[in-house]
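The chain contents come next:
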Amino acid sequence: MAAHMLRSLCRPRPGLALLCARFSQRAAAGTEYRSSHSLDKLYPPRQDGTATRTTEEPQPPALDIPMDRLTVSYSRSSGPGGQNVNKVNSKAEIRFHLASADWIPEAVRQKMALMHTNKINRAGELIVTSEESRYQMRNLAICLEKIRTMVTEAIEKPKVVSKETTQKLIERVEKMNRERLRQKKIHSTIKQSRKADFD
Amino acid sequence: MSGNGANRALELLRSLPRVSLANLRPNPGSKKRVRRCTKKKNVMPGTGLWNSYLNVSLFVLKERRRGRGRYGGRKCGRGHKGERQRGNRPRLGFEGGQTPFYLAIPKYGFNEGHSLRRQYQPLSLQRLQYLIDLGRVDPTQPIDLTQLTNARGVTVQPLKRDYGVQLVEEGADIFAAKVNIEVQRASELAIAAIEKNGGVVTTSFYDPRSLEILCKPVVFFLRGKPIPKRMLPPEDLVRYYTDPRNRGYLADPSKVAEARLELAKKYGYVLPDITKDELFKMLSARKDPRQIFFGLAPGWIVNLADKKILKPTDESLLKYYSS
């Protein structure tokens, strides 16, 4: 059952890099054991090994941040934690000069300078910190994620609502209110009819 | 002979130091040794270093309780009258008539099906670094569960629903060893920490029988049975082991290479190129999905006494073991 499911999951894909080719075929000839479920049978390498794969990417690729352009420093985090928090450098801080960051488009850079003025110091460096995790590596990843979010927010354009759509929305609201008041009046007459008014 | 026993004893008394409680010992067998505590005392933060030098001995001589004298006599430790002295106390858990705790709390399936749940023994990166530094685990060879068990780094109990070992992040910041390690589960940060140092992680599945053989190979070889083929993972685990993000052993190698790059971008390190490494052959060594040991195929019988390996020759057997 598992074997059947496994085979249905595998599709032949071209093995590009030397790395993946090495992982699927072992170096020694003849002495290595190969079962029917070995990797080179599950994912046979394509005959035209150098053909570039047409990648279907459902999501756009994550922003490529050059690590050598950033200044990364680690320090001790704040908060409770006893001896461990006093000794371990887990707070990660990234600084980079925003105006000279070529890896961000110019317009986006200016937008970011406006949006995050509170995070930019006098020298023009954007500072991002993270001390949410116990691990330096994870805090660094969180900082990079924050930078990517900032860039994404700066890139997005405000939604332009067409005139027809705004008109439609206003009409909808008015219609809802009219209906609500009509129902209210009906309910009111029902309640009135139940009153016994003796003159 | 320097004289009879009495003279010799008197000579000893004159020459040896004074007899005191520090020099005396009870006759062997007269006092029972009782295990006092099993854990070492932890250093409390703020109490200073001197506490850590306290030696707590594990065994203590237990004094025999005799019904004579101040602490063994009169009421003999039973108290005064009542159910206590008369030995008529109610059952454990009885609270004098009040609905006891174990009946008042409603049932909830916390432990339901616990014996069917898969467990993975954690292995922190800190522990792995410790084992490598002490030389108990060799980083120049692929690290397997057999290597870890031989080094007594982890203890896996296949009979207690253990399905192997999982890599845990503790010590990710101090980890600095280039290893080819194969575990059963690994968290993302642990994978990142190992790949950052130029190593390779693979997650693979061992069914309980294969796991027992993997952990105790010598015991298995002494049975004289052929090495069985490792079973493929059950349905709910196939998705895990075919996912390149978990570095599954059944995942597409090209996708695994892409996933390595993605992880490097996410965690902000430069992925070292292991193809240029001198240990590349060792780092890329991997087991076949049906193989339990490196270098030994299913169907072989290992004879440790005669130092021989017996391989099957029958066609049907060969067909079965290579399926």
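It should be emphasised that the depicted structure is a prediction, and the values quoted were computed from it without experimental measurement.

(A) Geometry of the packing of aromatic side chains. All names here are of chain B. All chains considered together, the criterion is met by nine aromatic pairs over all chains. Between the aromatic rings of Tyr320 and Tyr321, the centroid separation amounts to 5.0 Å while the plane-to-plane angle is 70°, which identifies the pairing as edge-to-face. Residue classification places Tyr320 among the partly exposed residues on the basis of a relative accessible area of 44%. Cluster of aromatic residues (ring-pair linked, three or more members): Tyr163, Phe205, Tyr240, Tyr241 and Tyr249. The ring of Tyr240 has Arg185 sitting right over it, with the charged end atom 4.6 Å from the ring centre.

(B) Seen up close, the sheet that holds strand 4 (residues 162-168) of chain B. Residues and elements named next belong to chain B. Read from one edge of the open sheet, three strands run 3-4-6, paired in parallel fashion. Edge strands, defined here as strands with exactly one partner in the open sheet, are strand 3 (119-124) and strand 6 (185-186). Pairing of strand 3 with strand 4, which is carried by five bridges, proceeds in the parallel orientation. Each residue of the ladder has a partner; that of Gln119, found in strand 4, is Asp162. Helix 4 (residues 125-133) rests against strand 3 and strand 4 of the sheet, and its axis sits at about 60° to strand 3.

(C) Local environment of the pairing of strand 7 (residues 200-203) of chain B. All names here are of chain B. Every second residue of strand 7 is oriented toward a common face, with Val200 and Thr202 on one face and Val201 and Thr203 on the other, all of them buried. Here strand 5 (residues 180-183) pairs with strand 7 via four bridges, running parallel. The residue of strand 7 that forms the bridge with Glu182 is Thr202.

(D) Broad picture of unusual backbone geometry. All names here are of chain B. For Lys81, which is not a glycine, the phi torsion comes out positive at approximately 50°. Here Lys81 is to be found in the loop between strand 2 (59-62) and helix 2 (82-86). On the basis of relative accessible area, Lys81 is assigned to the partly exposed category, the value being 48%. Although it is not a glycine, Arg161 adopts a positive phi angle of roughly 65°. Here Arg161 shows up in the loop between helix 5 (145-150) and strand 4. Judged by relative accessible area, which is 31%, Arg161 ranks as partly exposed.

(E) View of the side chain of Arg109 of chain A. All names here are of chain A. Inspection of the secondary structure assignment puts Arg109 in helix 5 (residues 106-115). From its side chain, Arg109 meets the backbone oxygen of Ala99 in a polar contact 2.7 Å long. Of note is the side chain of Arg109, whose polar atom sits 2.9 Å from the backbone oxygen of Ala101. When residues no more than four places from it in sequence are discounted, the contact partners of Arg109 are Leu98, Ala99, Ser100, Ala101, Asp102 and Ile104.

What counts, and at which threshold
- Residues numbered from 1 in each chain as written.
- Chains lettered and ligands numbered in written order.
- Predicted model: local features only at pLDDT ≥ 70, side-chain atom pairs only at ≥ 80, totals over all residues.
- Heavy atoms only, no water.
- Phe/Tyr/Trp six-rings, centres within 6.5 Å; stacked < 30°, edge-to-face > 60°.
- Buried < 20%, exposed > 50% of the residue type's maximum accessible area, 1.4 Å probe, protein only.
- Lys NZ or Arg CZ within 6 Å of the ring centre and 35° of its normal.
- Pairing = 2+ DSSP bridges.
- Helix = DSSP H or I, 4+ residues; strand = E, 2+ residues; numbered from the N terminus.
- Contact = heavy atoms within 4.5 Å.
- Axes fitted to C-alpha atoms, helices over the stretch in contact; angles between N-to-C directions.
- Polar contact = N/O pair within 3.5 Å; in protein donor to acceptor, adjacent residues only side chain to side chain.

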